[in-house]
Amino acid sequence: MAAWDLTVTVEDLGPDAPPLQISVTSDLHIGGVILKLVEQTNLKRDWSDHALWWEQKQQWLLRTGWTLDKCGVHADARLIFTPQHKPLRLGLPNGATLKMRACFSSPVFRTVMGICRVLNLRHPEELSLLRPVEEKKKKKDKDSSEELYDLTDVPLTAGAQNNILKKLLIHNLVHYSLYNGMPAHFADSPKTEAVYKMLSVSLPSPAPEAIAKLYRPASIVDKTHIHTRWLDSSRSLMQQGIQENDKLGLRFKYYTFHDMDPKYDAVRLTQLYEQARWAILLEDIDCTEEEMMLFGALQYHIGKQSLSQDMVSSCQGMDDLESALKSLEVKMVGDGNMHLIFDHFPPCRPKRLTLKGYKQYWCKFQETSISYYKSKEDRYGEPIQQLNLKGCEVAPDVNVAGQKFCIKLLIPAPEGMNEIYLRCENEKQYSQWMAACKLASKGLTLLDSSYQSEVQNIQTFLSMQRSSSAAPTSQTDESINTHSLVSPRYQKKYKPKLVEKTMKLLTPRILEAYQNIAQLSLTSAILKFLQIWQALPDFGISYFMVRFKGSRKDEVLGIANNRLIRIDLGVGDVVKTWRYSNMRQWNVNWDIRQVAIEFDGNINIAFGCVNADCKVVHEYIGGYIFMSTRARQQSDTLNEELFHKLTGGHEAL
């Protein structure tokens, strides 16, 4: 075959070096091209990490056995011979910036796996990378002077040996011992030890001036813009325009946390806590005033504990944490055969006409269903309606100070989800009914062995929000910075003229809540914070601006770990809810960028994305379905092929 010249830029020769020209034929394989390049550079070094990047096509030529003809490379191609692993700046959930080497040639899913392996983060499938919020020009100088934790000298294979030790420990084959309680590759130098402490211990809160500059969504429309910044998990960093030393955010993307264990998850717990904490402080998720004060107290307590100890040394009393861990994952238990009927009843209402108040009914809880009647005398006849709670969503709507004890139920229905509210008379009744609803949603009856412990956990949570009249309220602590513990909305509520007055008003409230949790260990406090965060009604919902087929107006689609939510953009009300368990199939028309989903009962919906690529929404849905396939009995090896089949679309296949 006729020979022709191929032009290749070799980055290692420097930015001012001219491209190399090598004589090739169309049947020469990629490996042969690389060999010719290496010989022509006359540089003796390890070239094993280098590969060819095709600039015009925006793709890597990684199949070294393929010929130039098969790859479609001709004389006009501009190729770059460059390392596959390059430095990348990572913004972590705790606000710190880490500089480390990452793979620019693998799909982002695999790149995140490599990053998490070095950082000692288990279950990397729950995390992903996203572009940072665009900053104004006047703020660019801040980035250049930011503190960087440098891990570029740590190889990406450093965490492999530590993972092997974990697996052996789980099977009781070895005694797990680390250097000073940290993975071996972090114990090499004081610099890397400082990085691990930053990863595994909560950092002090920044100054109020720094917090004020952080991006805070002002509306649900702003929240939809946050999730447009996720990178495509099935394409590489280079394919998405990411360059060496660019900054990306590493965040938990899927809010379903598998096999959380404080013994092995010091970094994972700390970073998850930090992401939850900043979501609350920056009002990415709403909470009541009492919950805000409890969150503030827990943050204050965690901050104090973090100054004196770390996550590894705070693993004392792990047996006491079992109840907290149960809230972080769903555990299936067998059904009981008997039922229990309550003597008292909470009034209930279907939330269809939101302007109407509650209407009282006599309610009876039997097995996994609630039957309600017009009066107590009618309870032996046919009920007005029977609500089967199996598979429903249960959320609290509580204000202890205002004596408001409500339970929000989202009950599966053919057309989507029905929203029902139950209002209880007091804390005791609320605790019993809330526990019963939670068990029923899992298919369990009230005689299940976990019922009493569930009631106790709910009562403990309520007691944390209850004011202690016997406790002195004059207690103050000058070290409390309320601006780093409470969201701006609740700071403005007091409307003081001076900042000092705000702190004087909020400090007693936070210290009052602190008295109820002051005895918790560091790990227990973090788990309690995550437990309360997960109980918030809007927990784990990612918002997107969409337009449904047949509609003339934009609406909001909320994507949670088990359901899709249609939200009216004008008033913010939930219009319809669909569960993944009722989903028969979904597909994407890539030509018109439209997502179509079919549910049981011949229910079909279709929508196009307004401010995001439909690939992002497609990946969210497929990703959550992938997360549901995980089980404790399965191997620690991720089924990467299944993930890309569910999330990658036609390009990945």
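Counting starts from 1 at the beginning of each chain's written sequence and moves along it residue by residue. Where totals are concerned, whole chains, interfaces and linings use all residues; where local detail is concerned, this predicted model gives features only for residues with pLDDT of at least 70, and gives and counts side-chain atom pairs only at 80 or more. Side-chain descriptors were evaluated using all non-hydrogen atoms of the structure, hydrogens and water having been removed beforehand.

(A) Highlighting the overall build of the chain. Assigned secondary structure in the chain consists of 19 helices and 24 strands. For every residue, the accessible area (1.4 Å probe, protein chains only) is compared with the maximum for its type, and the residue is labelled buried under 20%, exposed over 50%, or partly exposed between those bounds. In the chain, which comprises 653 residues, the share counted as buried stands at 51%. In the chain, once contacts between residues fewer than 6 apart in sequence are set aside, the share between residues at least 24 apart is 64%. Using the Shrake-Rupley algorithm and a 1.4 Å probe, accessible areas are obtained, with residue cover drawn only from the displayed protein chains. A total accessible area of about 31,900 Å² is found for the chain, and carbon and sulfur atoms account for 49% of it. For helices the rule is a DSSP run of H or I covering at least 4 residues; for strands it is a run of E covering at least 2, with both sets numbered from the N terminus onward. By definition, residues are in contact when any of their heavy atoms lie within 4.5 Å.

(B) Molecular detail of the confidence of the model for the chain. Confidence of the prediction at every residue is given by pLDDT, a number between 0 and 100. Chain-level pLDDT for the chain is 82 on average; 81% of the residues reach the 70-or-more range. Model confidence for the chain, summarised as mean pLDDT per element, is weakest for strand β11 (residues 348-350) at 44 and strongest for strand β10 (residues 247-252) at 97. Within the model, the stretch residues 159-177 combines pLDDT values under 50 with 21 contacts to residues more than four positions away or in other chains. Of the regions scoring below 50 in pLDDT, residues 311-356 engages in 105 contacts with residues more than four places distant in sequence or in other chains.

(C) View of the sheet that holds strand β14 (residues 385-388). Taken together, the three strands give an open sheet; going across it, the order is β12-β13-β14, and neighbouring strands pair in antiparallel fashion. The open sheet terminates on both sides in strands that have one partner only, identified here as β12 (362-366) and β14. Between one strand axis and the next, the sheet turns through 20° on average, direction left out of account. Of the strand pairs in this sheet, strand β13 (residues 369-373) and β14 are connected by four bridges, and their pairing is antiparallel. What sits directly across from Ser369, in β14, is Asn388. Strand pairing is assigned whenever DSSP identifies at least 2 bridges connecting the two strands. Where helices are involved, their axes are fitted lines through C-alpha atoms of the stretch in contact, as for all axes, and angles between N-to-C directions lie from 0 to 180°.

(D) View of the packing of helix α10 (residues 289-308) against helix α13 (residues 451-465). As a packed pair, α10 and α13 sit with axes 9 Å apart at the nearest point and diverge in direction by 90°. Overall, the two elements α10 and α13 adopt an arrangement that is roughly perpendicular. Taken together, the residues of α13 that come into contact with α10 (itself represented by Glu290, Glu291 and Leu294) are Phe461, Met464 and Gln465. In the contact of α10 with α13, the residues fall into three nonpolar, one polar and two charged. Orientation labels follow simple angle bins: below 35 degrees gives roughly parallel, above 145 gives roughly antiparallel, 65 to 115 gives roughly perpendicular, and whatever is left gives oblique. Three residue categories are used. Nonpolar comprises Ala, Val, Leu, Ile, Met, Phe, Trp, Tyr, Cys and Pro, charged comprises Asp, Glu, Lys and Arg, and polar comprises the others, including Gly.

(E) Molecular detail of helix α9 (residues 266-281). Helix length check: α9, at 16 residues, gives a terminal C-alpha distance of 22 Å against a target of 22 Å (1.5 Å per residue), a fit within 8%. Counted residue by residue, α9 has 16 buried out of 16 residues, so it is predominantly covered. Just beyond α9, the residue with positive phi is Glu283, at close to 60°. The span one expects for a helix is its residue count, reduced by one, times 1.5 Å.

(F) Structural view of the packing of aromatic side chains. Ring geometry is summarised as follows: Phe, Tyr and Trp rings, the Trp one being its six-membered ring, pair when their centres sit within 6.5 Å, and such pairs are stacked at plane angles under 30 degrees, edge-to-face over 60 and tilted between the two. All chains considered together, the criterion is met by 25 aromatic pairs. Where Phe544 meets Tyr620, the ring centres are 5.5 Å apart and the plane angle is 70°; that geometry is what we call edge-to-face. You can see Phe544 sitting in strand β18 (residues 542-548) and its partner Tyr620 sitting in helix α17 (residues 614-627), a full 76 residues away along the chain. A relative accessible area of 0% places Phe544 in the buried class. Its guanidinium or amino end placed over the ring of Trp47, Arg45 lies 5.6 Å from that ring's centre, counting from NZ or CZ. In this analysis the charged atom, NZ for Lys or CZ for Arg, is taken to sit over a ring once it is within 6 Å of the ring centre and within 35 degrees of the ring normal. Above the plane of the ring of Tyr620 lies Lys253, whose end atom (NZ or CZ) is 5.0 Å from the centre.

(G) Layout of helix α18 (residues 640-647). Looking only at α18, the buried set comprises Glu640, Phe643, His644, Leu646 and Thr647. Projected down its long axis, α18 shows its buried positions confined to an angular sector of 165°, all on one face. What the arc covers is the set of directions going from the helix axis to the C-beta atoms.

(H) Expanded view of the pairing of strand β7 (residues 97-103). With five of seven residues buried, β7 is to be regarded as a mostly interior element. Here strand β6 (residues 85-91) pairs with β7 via seven bridges, running antiparallel. Each residue of the ladder has a partner; that of Leu90, found in β7, is Leu98. Taken together, β6 and the strand that follows it, β7, pair antiparallel across an intervening segment of five residues, in which Gly95 is found at a positive phi of about 90°. The sheet contact formed by β7 and strand β9 (residues 148-150) spans three bridges and is parallel. Its bridge partner lying in β9, Leu98 is registered against Tyr149.

(I) Fine view of the packing of α10 against helix α16 (residues 522-534). In the contact formed by α10 and α16, the axes pass within 9 Å of each other and the chain directions differ by 155°. Taken together, the axes of α10 and α16 lie roughly antiparallel to each other. The handedness of the crossing between α10 and α16 comes out as left-handed. Packed against α10, whose contacting residues are Leu294, Phe295, Leu298, Gln299, His301, Ile302, Gln305 and Ser306, the element α16 presents Leu522, Ala525, Ile526, Lys528, Phe529, Ile532 and Trp533 at the interface. Crossing handedness follows the turn of the near helix against the far one: under a right angle anticlockwise gives a left-handed crossing, and clockwise gives a right-handed one.

(J) Expanded view of the state of the cysteines. Cysteine sulfur atoms are paired as a disulfide whenever they fall within 2.5 Å. All chains considered together, the criterion is met by zero disulfides. The closest cysteine sulfur to the non-disulfide-bonded Cys424 is located on Cys406, 7.4 Å from its own sulfur. Looking at Cys424, the relative accessible area reads 5%, which means it is buried. The structure places no disulfide on Cys437, whose sulfur is separated from the nearest cysteine sulfur, that of Cys392, by 6.7 Å.

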